[in-house]
Structure formats: structure tokens, C-alpha cells
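One letter stands for each residue in the lines below.
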Amino acid sequence: MKTLKQAKIGDVVKVVKLHGEGAVKRRIMDMGITKGVEVHIHKAAPLGDPVEVTVRGYELSLRKADAEMIEVE
């Protein structure tokens with residue numbers, strides 16, 4: 001299992017599954033990150049948190065904790 005947190009800068013990955021429960025999972029889905037969508041990793045902050053990605057044509061910043069809940073391939 002590979003998570004979005006483990007993906008390298010410049011990678012384009014596909015979301016396989018969302019982990020987490022309740023409001024946290026709903027918030028991730030509300031940002032446009034759903035099963036089957038492609039995510040392009042642009043850059044990370046100096047300490048690695050947050051990471052900047054492009055999802056469905058817009059840029060988004062995700063915390064490491066949120067990125068860990070997103071399983072990708």
C-alpha cells in the first residue's frame with residue numbers, strides 16, 4: 001500500500017482508496033479527492049508539511065496527516 005505522503009515530487013498518481021472516518025474523510029472528498037482521480041504532486045514545504053498537489057485542475061495543499069489517509073497507485 002502506497003499513500004500520497006510517500007509519493008515523490010513530480011509524480012502523477014491515481015487515488016485507489018480513502019481511509020479515515022466521518023468528517024475527516026468527508027473533508028478530503030469535498031476537496032475533490034475521490035477514488036479514481038489523478039493527483040499531480042508539485043512541491044513540499046521545507047519540512048515536508050504541507051505538500052502542494054493539483055487535483056481536477058486546481059492547486060491544493062494537504063497536511064501529512066491527510067496525505068497518509070489517501071491510498072494511491
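Summarised in this report is the structure supplied together with it. (Residues numbered from 1 in each chain as written. Predicted model: local features only at pLDDT ≥ 70, side-chain atom pairs only at ≥ 80, totals over all residues. Heavy atoms only, no water.)

Counting across every chain of the model gives four salt bridges. The salt bridge partner of Asp 66 is Arg 27, with a shortest N-O separation of 3.3 Å. On the criterion of sequence distance, the pair formed by Asp 66 in helix H2 (residues 64-67) and Arg 27 in helix H1 (residues 22-30) is long-range, its members being 39 residues apart. When its relative accessible area of 4% is taken as the criterion, Asp 66 is described as buried. When the shortest N-O distance is used, the salt bridge between Arg 63 and Asp 66 registers 3.5 Å. Linked through salt bridges whose partners overlap, the residues forming this network are Arg 27, Arg 63 and Asp 66. (Salt bridge = Lys/Arg side-chain N within 4 Å of Asp/Glu carboxyl O. Helix = DSSP H or I, 4+ residues; strand = E, 2+ residues; numbered from the N terminus. Buried < 20%, exposed > 50% of the residue type's maximum accessible area, 1.4 Å probe, protein only.)

Along strand E4 (residues 51-55), five of the five residues are buried, which leaves the element largely enclosed by surrounding structure. Of the two faces of E4, the one carrying Val 51, Val 53 and Val 55 and the one carrying Glu 52 and Thr 54 are both buried. In this structure, strand E3 (residues 38-44) lies alongside E4, joined through five bridges in antiparallel fashion. Of the residues in E4, the one forming a bridge with Ala 44 is Val 51. Here E3 hands over to E4 after six residues, with Gly 48 in that stretch at a positive phi of 90°. Here five bridges tie E4 to strand E5 (residues 58-62), and the two strands are oriented antiparallel to one another. Note that in E5 the partner of Val 53 across the bridge is Leu 60. Counting the residues in the hairpin turn of E4 and E5 gives two residues, including Arg 56, whose phi is positive at 55°. (Pairing = 2+ DSSP bridges.)

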